[in-house]
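Below, each chain spelled out in residue letters.
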Amino acid sequence: MSTLPLPLEGITVVAVEQAVSAPFATRQLADLGARVIKVERPDGGDFARGYDTAAGGLASHFVWCNRGKESVAVDLKDPRGIDVVRRLVAGADVFVQNLAQGAAARLGLDAATLCAAHPRLVAVDISGYGAGGPYAHKRAYDMLVQCEAGLVSVTGTPDRPVKAGIPAADVAAAMYAFSGVLAALLRRTATGRGGPVEISMLESLTEWMGHPLHHGMHGGEAPARTGVAHAVIAPYDAYPTADGGQVLLSVQNDREWRRLAELVLGRPELGDDPAFATNTARVAHRARTDAVVGEALAGLATAEAIDRLEAAGIACARLNSVADVAAHPQLAARDRWREVDTAVGPLRAMLPPITLPGGPESRMGAVPALGEHTEAVLRELGVPENVRVELRREGVVA
């Protein structure tokens, strides 16, 4: 058995967080061994708790983003509640917040203020558009930022732009917050000082716009929306199969096209046909290329199409549904599913993608009920029993 600890064991994180961006960042810290104390409103908590009831009666977003945390329900509008949070921060290594722009500063919980008082603290401010500029105080929900960052403009079909099917702006900000914390902790090891970390959803997602953004800035125009197809490669699309499935294939060079034509399409003459022999020609004749490939795959069952493409050395994939992913044979073979405890019983969840061979498995702790750990944390802070009773009676904590 490994004697290595999880890399963040001994690190305490306090998070005043809601929705996805901050909770997803801190969940990853919890998975890697950090103690994460999640501060929520007493009257309902993180509003993501109410998004839906799809996860056995719990909200799917909340279950995804909040395992392994301790929930402390505190009213931040009451000075006594703020005092509780400040006492928590005084003993923490990391503080993360994604309140509405300006709210943390009014409470004295912004990164600059906290780091001035606690030089070893790493404090993260996550916002929609950043602390300055004309957009600083705009509401910044995920879909709005997807639009502002241009993601929607390059996603969809030629006739209609669409948003990403996942909260891409939230996830982008979460990933940069997560890596920003790790970088700041590493710097603290060398210097003894933590410091502020600033993350904006717009800047995070704009960075992810890399290829379309640079293509447009430097090439004169952004790539066209092409659905599942690739803008500058053909064939590269999803094609229906005989049993109702769809198979996506990608031909990356002309040698692969010749193999596809001979071994899958059954039309070797197309390998040297001037209308198809080069990628430039296939893109120029995309409709004809897609028709030839589509006709061949339409006569094959999905599994047979995949087998033929694999045998020919052509990159391919099934166009899976969410249910297909949950039953994916590769994830099953690699034993990537676990059960996470919740108030409604165990729920299935995937092991985090960060695998540390030779060390312990990621810690996938329980999803907390609202205020489940308030009493224990107040005791830990040394709050006397009569004060705890008073705070609870007056709704300052729950």
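What counts, and at which threshold
Residues numbered from 1 in each chain as written. Predicted model: local features only at pLDDT ≥ 70, side-chain atom pairs only at ≥ 80, totals over all residues. Heavy atoms only, no water. Salt bridge = Lys/Arg side-chain N within 4 Å of Asp/Glu carboxyl O. Helix = DSSP H or I, 4+ residues; strand = E, 2+ residues; numbered from the N terminus. Buried < 20%, exposed > 50% of the residue type's maximum accessible area, 1.4 Å probe, protein only. Phe/Tyr/Trp six-rings, centres within 6.5 Å; stacked < 30°, edge-to-face > 60°. Pairing = 2+ DSSP bridges. Axes fitted to C-alpha atoms, helices over the stretch in contact; angles between N-to-C directions. Contact = heavy atoms within 4.5 Å.

Attention now moves to the pattern of salt bridges. For the structure on display, the rule yields 22 salt bridges. Where arginine 388 meets glutamate 375, a salt bridge forms, and the shortest distance between an N and an O atom there is 2.7 Å. Of this pair, arginine 388 sits in helix H17 (residues 385-393) while glutamate 375 is found in helix H16 (residues 374-380), placing the two residues 13 residues apart along the sequence. Residue glutamate 375 is classed as partly exposed on the basis of its relative accessible area, which comes to 27%. Between arginine 392 and glutamate 375 there is a salt bridge; the shortest N-O distance is 3.4 Å. In this pair, arginine 392 sits in helix H17 while glutamate 375 sits in helix H16, placing the two residues 17 residues apart along the sequence. A network of salt bridges, in which partner residues are shared, links Glu17, Lys38, Asp46 and Lys69.

So, about the packing of aromatic side chains. Applying the stated criterion across every chain, the model contains 4 aromatic pairs. A ring pair is formed by phenylalanine 47 and tyrosine 51, whose centres lie 6.0 Å apart and whose planes are at 50°; its orientation type is tilted. Taken together, a centroid distance of 5.9 Å and an interplanar angle of 25° make the contact between tryptophan 257 and phenylalanine 276 stacked. Highlighted residues: tryptophan 257 in helix H10 (residues 254-263) and phenylalanine 276 in the loop between H10 and helix H11 (279-284), separated in sequence by 19 residues. With a relative accessible area of 3%, phenylalanine 276 lands in the buried category.

To continue, consider the sheet that holds strand S9 (residues 315-318). Within the open sheet, the 3 strands sit side by side as S7-S8-S9. Their pairing is antiparallel. Strands at the two margins of the open sheet, each flanked by one partner only, are strand S7 (236-240) and S9. Put simply, the sheet's adjacent strands are angled 25° from each other on average, direction ignored. As paired elements, strand S8 (residues 246-250) and S9 share 4 bridges and run antiparallel to each other. By the bridge assignment for S9, leucine 249 is matched with cysteine 316. Together, S7 and S8 form the strand contacts of helix H12 (residues 286-298), whose direction differs from that of S7 by roughly 40°.

A few words now on the pairing of strand S5 (residues 122-127). Counting buried positions along S5 yields 6 of 6 residues, so the element is predominantly enclosed. Of the strand pairs in this sheet, strand S4 (residues 94-97) and S5 are connected by 4 bridges, and their pairing is parallel. Directly across from valine 96, in S5, lies its bridge partner valine 124. Of the strand pairs in this sheet, S5 and strand S6 (residues 195-200) are connected by 6 bridges, and their pairing is parallel. Among the inter-strand pairings, isoleucine 126 is bridged to a residue of S6, identified as isoleucine 199.

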